Amino acid sequence: MSEPIVDILMPAYNAEATIRQAVDSLRNQTRSDIRIVVVDDGSRDGTGRILAELAAEDPRVVVLTQPNGGIVAALTRGMAACSAPFLARLDADDMAAPDRLERQLRHMAEQPDCVALSGSGGHMDAQGRPTGGRVRLARVDRADPAWVPAREPYLPAPFLLIRRAAFDRVGGYRPLVVAEDSDLYWRLSEIGTLRNIDENFGNYRVHAASISSASIRNGRSLAFWSQIAALSARRRRAGQPDLDGIIADAHRYASAVSLQDFHRAAAPALTDHESTWLALAMGMKLVTLAFYRPYELEAADCLFIRDALRAAAAGLPAENRAEIADHLLGTATRLAIRGRVADALKLVSPGRYPALLGRISFRLALPDSLRDRVKKAAGRAQPA
């Protein structure tokens, strides 16, 4: 086999239902000078057997196995087998378009300043059926680690291509529990250009079994670590020490359940200003996650966000405050429709109660009993 120009790194855990389809989408690329490195992260199903069959069929498929250690451990293990000038990613339940790598390599050749790129793709359900949805692309040029929540320079991981030299220069993946990709992108953005290309590079599977969708607790973890990555970027940009101490001790957060747990554990390593910003940023990140994940904020989350907003909102730009208010109004509407009026009212100011009631009425034919509860609660909350 000739030396590959691209190594495609794929972590896999209990992926027997999708792994062959994912790997075959790479084996059938229009560029054949590739290597497919799959790390079986302690799967308990038939993933290992299928991978052995694929490796026997195609010498470009390299299979590594390890006890279950999570995605960062799997990515780190896989990197040991990667040496090509470009590094790509694909998850074990997604699919690459046949010419994905050819098109992406052409973009890289035309844009020497670009250190990493990704793009869009179609959504499919757990059974692989198209849903009609599409991967939304972030405006990486608008990335801002001081925004609330941080505007991340996000590149969709399933369609990622990175220059290996740039990956090595910034230190590769760091051992965050989640949001390891966002942390990497912040560091890559400091040495070159990131690009999201509005092209379909494959199919992305949307299902409730993903790690970040599995529970509200996992959502809080993602909210926390993504904002820690942004706060680390802020420190580096200011010439201050990184938060690598928090990242190196990521295992200490395994027992954290609530937003308060995560925040309390990190606070000693932060300045007062950073601590105040982090509380609101992680709370608002959870709000945005709950918009499209199969879970909803709990009462303690609403209380934490209310208190964080009171402490930090005054120091934010007007545009950011308005964006936060809109996100919270949307969340409060969902909660109120589900009968959680008290939690909904924690998220909006009394002046926006009429807007909340209007949105609820628009969303459904509001039962008189629920309408009365909202009106009464709003009346009680109005300042004297």
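This section reports on the structure supplied with the text. Owing to the predicted nature of the structure, the values given are computational and were not obtained by experimental measurement.

Counting across every chain of the model gives 6 aromatic pairs. A ring pair is formed by phenylalanine 167 and tyrosine 173, whose centres lie 5.4 Å apart and whose planes are at 70°; its orientation type is edge-to-face. For the pair phenylalanine 167 and tyrosine 173, one class covers both residues: buried. One residue, arginine 234, lies across the ring of tryptophan 277, its end atom 5.0 Å from the ring centre. The positively charged end of arginine 252 is found above the aromatic ring belonging to tyrosine 253, 5.7 Å away from the centroid.

Another aspect to go through is the packing of helix α10 (residues 272-292) against helix α11 (residues 299-312). The contact between α10 and α11 brings their axes to 9 Å, and the two run at 135°. Judged by the angle between their axes, α10 and α11 are oblique. Taken as a pair, α10 and α11 cross one another with a handedness that is left-handed. On α11, the residues that touch Thr276, Ala279, Leu280, Met282, Gly283, Met284, Leu286 and Val287 of α10 are Asp301, Phe304, Ile305, Ala308, Leu309, Ala311 and Ala312. Of the residues in the contact of α10 with α11, the class split is 12 nonpolar, 2 polar and 1 charged.

As for its placement among the helices and strands, arginine 164 is situated in helix α5 (residues 164-169). The buried category is assigned to arginine 164, whose relative accessible area is 16%. Polar contacts involving the side chain of arginine 164 include one to the main-chain carbonyl oxygen of cysteine 82, which spans 2.7 Å. A distance of 2.9 Å separates polar atoms of two side chains, one belonging to arginine 164 and the other to aspartate 168. Apart from the residues within four sequence positions on either side, arginine 164 is in contact with Met79, Cys82, Ser83, Ala84, Pro85 and Phe86.

Time to look at the pattern of salt bridges. Under the defined criterion, the tally for this structure stands at 35 salt bridges. Across the salt bridge formed by glutamate 152 and lysine 285, the nearest N and O atoms sit 2.9 Å from each other. You can see glutamate 152 sitting in the loop between β7 (130-134) and β8 (161-163) and its partner lysine 285 sitting in helix α10, a full 133 residues away along the chain. The same class applies to glutamate 152 and to lysine 285, which are both buried. Residues joined by salt bridges that share partners form a network here, namely Arg20, Asp24, Arg27, Arg49, Glu53, Glu57, Asp58 and Arg60.

Of the pairings in the sheet, the one linking strand β2 (residues 34-41) to strand β3 (residues 61-66) comprises 6 bridges and is parallel in character. Considered in β3, the bridge of valine 38 is made with valine 63. Each parallel crossover has a hand, and the one from β2 via helix α2 (residues 47-57) to β3 is right-handed.

Turning next to the pairing of strand β4 (residues 86-89). Covered by surrounding structure in β4 are Phe86 and Ala88 together with Leu87 and Arg89, the residues of both alternating faces. As judged from the 4 bridges shared by strand β1 (residues 6-12) and β4, these two strands associate in the parallel manner. Residue pairing for β4: leucine 9 is matched across the bridge by arginine 89. When β4 meets β8, the two strands line up antiparallel, connected through 3 bridges. Residue pairing across strands places alanine 88 opposite leucine 161, the latter belonging to β8.

Now for unusual backbone geometry. Each neighbour pair has its own omega, and for valine 148 with proline 149 the value is -15°, a cis peptide bond. With respect to the helices and strands, the residue proline 149 is situated in the loop between β7 and β8. Of note in this structure, asparagine 14 is not a glycine but carries a positive phi near 50°. By the secondary structure assignment, asparagine 14 is in the loop between β1 and α1 (19-27). With a phi close to 65°, alanine 179 is a non-glycine residue in the positive phi region. Considering the arrangement of structural elements, one finds alanine 179 in the loop between α5 and α6 (180-189). By relative accessible area, which is 6% here, alanine 179 ends up buried.

Under the criterion given, the structure shown has 0 disulfides. With no disulfide partner, cysteine 114 has as its closest neighbouring cysteine sulfur the one in cysteine 82, 19 Å distant. Cysteine 114 gets classed as buried once you look at its relative accessible area, which sits at 0%.

Rules used throughout
Residues numbered from 1 in each chain as written. Predicted model: local features only at pLDDT ≥ 70, side-chain atom pairs only at ≥ 80, totals over all residues. Heavy atoms only, no water. Phe/Tyr/Trp six-rings, centres within 6.5 Å; stacked < 30°, edge-to-face > 60°. Buried < 20%, exposed > 50% of the residue type's maximum accessible area, 1.4 Å probe, protein only. Lys NZ or Arg CZ within 6 Å of the ring centre and 35° of its normal. Axes fitted to C-alpha atoms, helices over the stretch in contact; angles between N-to-C directions. Helix = DSSP H or I, 4+ residues; strand = E, 2+ residues; numbered from the N terminus. Parallel < 35°, antiparallel > 145°, perpendicular 65-115°, else oblique. Left-handed = near helix turned anticlockwise from the far one by under 90°. Contact = heavy atoms within 4.5 Å. Nonpolar A, V, L, I, M, F, W, Y, C, P; charged D, E, K, R; others polar. Polar contact = N/O pair within 3.5 Å; in protein donor to acceptor, adjacent residues only side chain to side chain. Salt bridge = Lys/Arg side-chain N within 4 Å of Asp/Glu carboxyl O. Pairing = 2+ DSSP bridges. Right-handed = clockwise from strand over helix to strand, strands pointing away. Disulfide = S-S within 2.5 Å.

The analysis is restricted to geometry; functional conclusions fall outside its scope.
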